[in-house]
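One letter stands for each residue in the lines below.
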Amino acid sequence: MFSYLLYTCFVSGPVAVSSVRIMQFLEMEILSYGFAPCFQAVDSKRKSVEKSLNSHQSNFPTVGNHGVYCTNTTISRFRSFRFYDMDQSFKHGHSLDALEGSKRIGYKVYSGSSDGYVIGGEEGITDISEIEKPATNVLIPSLPDGSNGESGAPISSCFWEWKPKLNVHYERAGCENVDSPHVLFLPGFGVGSFHYEKQLKDLGRDTRVWALDFLGQGMSLPFEDPAPHYKERATSNGNISSWGCGDEVEPWATKLVYSIDLWRDQVRYFVEEVIGEPVYIVGNSLGGYVALYFAACNPHLVKGVTLLNATPFWGFLPNPVKNPGLAKVFPWAGTFPLPAGVRRLTEFVWEKMSDPASIAEILNQVYANRATNVDNVFSHIIETTRHPAAAAAFASIMFAPQAELSFGEALSRCRTNNVPICLMYGKEDPWVRPVWGLQIKRQVPEAPYYQISPAGHCPHDEVPEVINYLLRGWIKNLESEGSISLPLIDDVDSIKHTNARELEFIREGSRKSVMVTFLGSGFSLWDRIRSYINSRSKLGNVTAK
């Protein structure tokens, strides 16, 4: 999720683009990497949060011998932590207001569809120039929150000792669904399995669902110091210094570096030793890169890959296997202990980034709907930053080498090995802009591509009803070998075209909606240009009238 967190300390503002309207549109899609404005939390709210944090205790259990340990856990939350824009700059932003007063013309279920209901209108949009006017609305299931008489699947919190001292935390649900497929969720940078709570509770009712914490993140941080101080050194604020900053490394951590390659291997052993069967793998942001990389290297363990606003690159230093000569130029690449210079840099950056106000600003950037409740995500991130191993793990991640395969190379290998790929992207993502998803779509034109608006960098948490509905439908399509149609696809021919549907769902007693655009296999950049020209022309006609 926070794969660009470091940049936000130094970079802001939009990229300049041409004044020519078509070129302006293209450059905004292809070249714009600017960040959305940062919003401040109300100062009184921040103070109350900080007061709560001072008394908050970390909750990392101890793991003993080899094996898997599972418990049902209750996680404390910071209640009603909402974002407030002090300069009201988002007052004209996106909203998810209920659609009231719209005419209903009966309901019907698509033959072989994914539990969606058509609400009136005409069917069959195939021209991308018309996607602003969806033919039909689709009512999709809501999350099981008890208000609708449905309860979510119980979630078990577990630990698995992969290697000595390397304990992996994960969560699971629906394991009693023995005849259903396995779905494994991989989180973004800075978060963990808790970010998929809404998928575990919902999809766990009819699927075997797993969510993993990468080593060095979430609750997969070490329980012992990989490079301890033999003499306790107090920092300027009076606390004992962070783990991993001593002068000598423990034997179990000699080659430890929190890298893409480590996470790929972690996922492989987890699938082989804990799950025991091939999986559908879903990754958001950094987790999307790891999911694709894992699938490219282990196609026999993967039934399909879903990318949720996947990070298209990761790591700055050259890979020692791919570029051994160039890698030798860099004296340190994320191993323990941290060099003295890196320690000082880490202390400075970590103090800024682990501040609750900074975390609130980042969350405010990546969620398109400012009303989204992020209490659970916020409290878990804060809890992780309070672990003594967190700062050194962050430094190791930032200085880790690149993966042996680039994102594009991993994608090509997956396509060569016929690994099914599905793309689900939040359109209002300020970091992984839509252009990245479109590049993947052009490289793998047969991959279903669903663009969701309004939704930001974490659509699975912001609009979980939509992601769960699309994911269920895609898996059913693959499991049935095509006899069940893809979500929002009426017939075989329509898979080649582009269309849009307004998906509606009930949340907290109110009707919400988002626009989901399906890009068919016949989609091209020229379609995008034509759509833009058409929309500008329509706007001009309306203005003239």
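As shown above, the structure is provided for reference.
A brief structural summary. (Residues numbered from 1 in each chain as written. Predicted model: local features only at pLDDT ≥ 70, side-chain atom pairs only at ≥ 80, totals over all residues. Heavy atoms only, no water.)

Looking now at the nonpolar core. Ranked by size, the top nonpolar core spans 79 residues in total, and within it Leu184, Trp263, Val267, Ile281 and Val305 carry the most contacts. Broken down by element, the residue count for this core peaks at nine residues, all from helix H5 (residues 286–297). Apart from residues lying up to four places away in sequence, valine 267 is in contact with Leu184, Leu186, Leu212, Phe214, Ile281, Val290 and Phe294. With 36 residues, the next largest nonpolar core counts Val209, Ile475, Leu503 and Phe505 among its residues. (Core = buried A, V, L, I, M, F, W, Y, C linked by side-chain atoms within 4.5 Å. Buried < 20%, exposed > 50% of the residue type's maximum accessible area, 1.4 Å probe, protein only. Helix = DSSP H or I, 4+ residues; strand = E, 2+ residues; numbered from the N terminus. Contact = heavy atoms within 4.5 Å.)

For strand S10 (residues 302–308), the tally of buried residues reaches six of seven residues, placing the bulk of the element in the interior. Bridge analysis of strand S9 (residues 279–284) against S10 gives six bridges, and the strand direction is parallel. Bridging from a neighbouring strand, asparagine 284 pairs with leucine 308 of S10. As a crossover connection, the stretch from S9 through H5 into S10 is right-handed. By the bridge criterion, four bridges tie S10 to strand S11 (residues 421–426) in an arrangement that is parallel. Bridging from a neighbouring strand, leucine 307 pairs with leucine 423 of S11. (Pairing = 2+ DSSP bridges. Right-handed = clockwise from strand over helix to strand, strands pointing away.)

Counted under the stated rule, the structure contains four cavities of 30 Å³ or more. Counted as a void, the largest cavity has a volume near 280 Å³. Forming the boundary of the largest cavity are 21 residues, of which Phe189, Gly190, Trp350, Ile381 and Thr385 lie nearest the centre. Broken down by element, the lining of the largest cavity gets its largest block of residues, four residues, from helix H10 (residues 390–398). (1 Å grid on protein atoms, 1.4 Å probe; cavity = no way out; pocket = protein on both sides within 12 Å on 5 of 7 lines; lining within 4 Å. Points joined across faces, edges and corners; volume = space filled by probe spheres on them.)

What follows is about the environment of glutamate 502. Residue placement: glutamate 502 occurs in strand S13 (residues 499–507). Look at glutamate 502 and you get buried, because its relative accessible area is 17%. Here the alpha-carbon distance between glutamate 502 and serine 513, two residues eleven residues apart in the chain, equals 6.5 Å.

Position of serine 453 among the secondary structure elements: in strand S12 (residues 449–453). A polar atom in the side chain of serine 453 sits 2.8 Å from the side chain of glutamate 428. Residues within four places of serine 453 in sequence aside, it is in contact with Lys427, Glu428, Val514 and Met515. (Polar contact = N/O pair within 3.5 Å; in protein donor to acceptor, adjacent residues only side chain to side chain.)

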